[in-house]
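Fold and geometry: a report
Here's the letter readout for the chains.
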Amino acid sequence: MKAKRRWMWGVLAAMMVGVWSAGVLQRKVVLAAKEPFKVGAVFAITGTASFLGEPEKKTAEMIRDEINSQGGINGHPLELIIYDDESDATKSTLAVKKLIKTDQVPVIIGPTQSDASLAVAPIAEEARVPLISCAASYKIVEPVAERRWVFKVAGSDKHVVGKMYDYMKAKGITKIGIMTASTGFGASGREELLRLAPEYGITVLADERYGPKDTDLTAQLTKMREAKVEAIVNWSVGPTQVLAVKGWRDLRMENIPLFQSHGFGSRKNLELAGNAAEGVLLPLARVNVGPLLGDTHPQKKVIMGYTEAYEKKYNEPVSSFGGHAWDALHLAVAALKAVGPDPAKIRDVLENTKGFVGQHGVFNFSPQDHNGLSKDDLEMVVVKNGDWALAPW
């Protein structure tokens, strides 16, 4: 009797394996039978901004694999065509042109950096192919009348500055100094820091700029101290933002709070800066602080789902930048699912997307707003014990 029972269980198990295998094979056959839906991507995978673009590439590839393992987009496999612009705006324009003319993609995500995004926006506009940038400058999508085909998922400079100034106002800080890199990102941030200061009752006492490849910011920091500022804002990406932190600490200026832009939102920066970063303040997207959010927060589920999947696959922490790719690719996929690979229809879907819960906020696009976020989608964060913590107001 026992032998017969074991035999029956064996037959049943074999049948179940056969059914499962048949299901997998059927999905693969269906995927193979339908034309792929293409999405183009341009990231700074190598070069000076590789620490931004590499997690974007990894995130996009992870999402592609997840979607295809689940049957694709309406049965169509997702084909992700990625080019590395090597952190060079000129190479980014070449990549976008190739995606449009040779690969004939109906939608593009990226580039990683503001300079590159500003360079390629007119190309996407002229070709009438929707582009979802992963960079921050508000100029990427403004004025909207000239950027009908361009969207972006990173919070805008004005949102970051607004959140930062709200915090300063709450702390009684009214006199500040600003240090900005001479790049598109730095210039855009500087404009907003200066433009919004009067609105928040803040006076900029010192305004210093530096090159993106400078190796010493002592002179700029010393001028901050001489101006008797109550806080310092540094706005850059790459090595200079770590240089600013170390210089601030070496000059023993801890009594003057140091604020960074959201470009500092990678734990790799914390590793590079080490103990010098303790106490640094910055507005960050919630993707960086998922475990610190309340269980009822609308973004908690998607952030933790991404965080757990990414960290398990790549054995490294998530960052704002990988979150950019998550938001951009999922928005592109949702549009493809709704209307197929028609660039004009994809553009219309993106422009009318409401309530999209992503890594950087709950997106509400409109014909007047191709970013869909506000300063309320950010958290004020402080570096504490080598990690992010919510800053006390």
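Scoring rules and cut-offs
- Residues numbered from 1 in each chain as written.
- Predicted model: local features only at pLDDT ≥ 70, side-chain atom pairs only at ≥ 80, totals over all residues.
- Heavy atoms only, no water.
- Core = buried A, V, L, I, M, F, W, Y, C linked by side-chain atoms within 4.5 Å.
- Buried < 20%, exposed > 50% of the residue type's maximum accessible area, 1.4 Å probe, protein only.
- Helix = DSSP H or I, 4+ residues; strand = E, 2+ residues; numbered from the N terminus.
- Contact = heavy atoms within 4.5 Å.
- Axes fitted to C-alpha atoms, helices over the stretch in contact; angles between N-to-C directions.
- Parallel < 35°, antiparallel > 145°, perpendicular 65-115°, else oblique.
- Left-handed = near helix turned anticlockwise from the far one by under 90°.
- Nonpolar A, V, L, I, M, F, W, Y, C, P; charged D, E, K, R; others polar.
- Pairing = 2+ DSSP bridges.
- Expected span 1.5 Å × (residues − 1).
- Salt bridge = Lys/Arg side-chain N within 4 Å of Asp/Glu carboxyl O.

The subject of this paragraph is the nonpolar core. Judged by nonpolar contacts, the single largest core of 39 residues is most densely connected at Val 39, Phe 43, Ile 109, Ile 132 and Leu 329. At the level of secondary structure, the elements contributing two or more residues to this core comprise strand E1 (37-43), helix H2 (50-69), strand E2 (78-84), helix H10 (300-314), helix H11 (320-339) and helix H12 (343-351). Ranked by the residues each element gives to this core, the list is headed by H11, at nine residues. Among all residues touching Ile 132, those that are not within four sequence positions of it are Val 107, Ile 108, Ile 109, Gly 110, Phe 151, Val 153, Ala 328, Leu 331, Ala 332 and Leu 350. One finds Tyr 210, Leu 217, Met 224 and Trp 388 within the second-largest nonpolar core, a separate group that totals 28 residues.

Glancing now at the environment of Phe 259. The residue Phe 259 is located in strand E9 (residues 258-260) in this model. Between the C-alpha atoms of Phe 259 and Val 382, which are 123 residues apart in sequence, the distance is 9.2 Å. If we ignore the near neighbours within four places in the chain, the residues touching Phe 259 are Met 164, Tyr 167, Met 168, Ile 173, Ala 231, Ile 232, Val 233, Asn 234, Leu 281 and Met 380.

Moving on: unusual backbone geometry. For the bond from Gly 110 to Pro 111, the omega torsion is 0 degrees, close enough to zero to count as cis. Looking at the element boundaries, Pro 111 is found in the loop between strand E3 (108-109) and helix H4 (114-127). Along the chain, Glu 142 connects to Pro 143 via a cis peptide bond; the corresponding omega equals -5 degrees. The phi dihedral of Ser 87 falls on the positive side, at around 60 degrees, and the residue is not glycine. Its place among the elements puts Ser 87 in the loop between E2 and helix H3 (89-101). Positive phi, close to 55 degrees, is recorded for Asn 315, a residue that is not glycine. Among the structural elements, Asn 315 can be located in the loop between H10 and H11. A relative accessible area of 72% places Asn 315 in the exposed class.

Moving on: the packing of H2 against H11. Direction vectors running N to C along H2 and H11 enclose 40 degrees, while the axes themselves pass 7 Å from each other. When the axes of H2 and H11 are compared, the pair comes out oblique. Crossing geometry of H2 relative to H11 is assigned as right-handed. Residues Phe 51, Leu 52, Pro 55, Glu 56, Thr 59, Ala 60, Ile 63, Arg 64 and Ile 67 of H2 form the contact with H11, whose own contacting residues are Phe 321, Gly 322, His 324, Ala 325, Trp 326, Leu 329, His 330 and Val 333. Residue classes in the contact of H2 with H11 are distributed as 11 nonpolar, four polar and two charged.

With parallel pairing, the five strands of this open sheet are ordered in space as E2-E1-E3-E4-E5. The sheet terminates laterally at E2 and strand E5 (150-152), the two strands that pair on one side only. Bridge count between strand E4 (residues 131-133) and E5: three bridges; the pairing is parallel. Pairing of Ser 133 across the sheet is with Lys 152, part of E5.

Turning next to H11. Along its 20 residues, H11 runs 29 Å from first to last C-alpha, staying within 8% of the 28 Å computed at 1.5 Å per residue. Gly 340 sits one or two positions beyond H11 and adopts a positive phi of about 80 degrees.

For H2, which comprises 20 residues, the first-to-last C-alpha distance of 28 Å matches the rise-based estimate of 28 Å (1.5 Å per residue) to within 8%. What H2 keeps buried is the set Phe 51, Leu 52, Gly 53, Pro 55, Glu 56, Lys 58, Thr 59, Ala 60, Glu 61, Met 62, Ile 63 and Ile 67. Close packing links the buried residues of H2 with E1, E2, helix H8 (239-250), helix H9 (267-273), H10 and H11. Once H2 ends, the next one or two residues include Gly 71, with phi positive near 105 degrees.

Attention shifts here to the packing of helix H5 (residues 157-170) against helix H6 (residues 184-196). Close contact between H5 and H6 brings their axes to 9 Å; oriented N to C, the two are set at 45 degrees. Accordingly, the angle class assigned to the pair H5 and H6 is oblique. When you trace H5 past H6, the crossing you get is right-handed. Between H5 and H6, the contacting residues are Asp 157, Lys 158, Val 161, Gly 162 and Tyr 165 on the first element and Phe 185, Ser 188, Gly 189, Glu 192, Leu 193, Arg 195 and Leu 196 on the second. Of the residues in the contact of H5 with H6, the class split is five nonpolar, three polar and four charged.

The next subject is the pattern of salt bridges. Applying the stated criterion across every chain yields a total of 17 salt bridges. Here Lys 139 makes a salt bridge to Glu 191, at a shortest N to O gap of 2.8 Å. Of this pair, Lys 139 sits in the loop between E4 and E5 while Glu 191 sits in helix H6; the two residues are 52 residues apart in sequence, bridging distant segments of the chain. In this structure Lys 139 comes out as partly exposed when scored by relative accessible area, which is 29%. For Glu 191, a relative accessible area of 31% gives the class partly exposed. The salt bridge partner of Lys 300 is Asp 295, with a shortest N-O separation of 3.9 Å. On the basis of relative accessibility, which here comes to 13%, the residue Lys 300 falls in the buried class.

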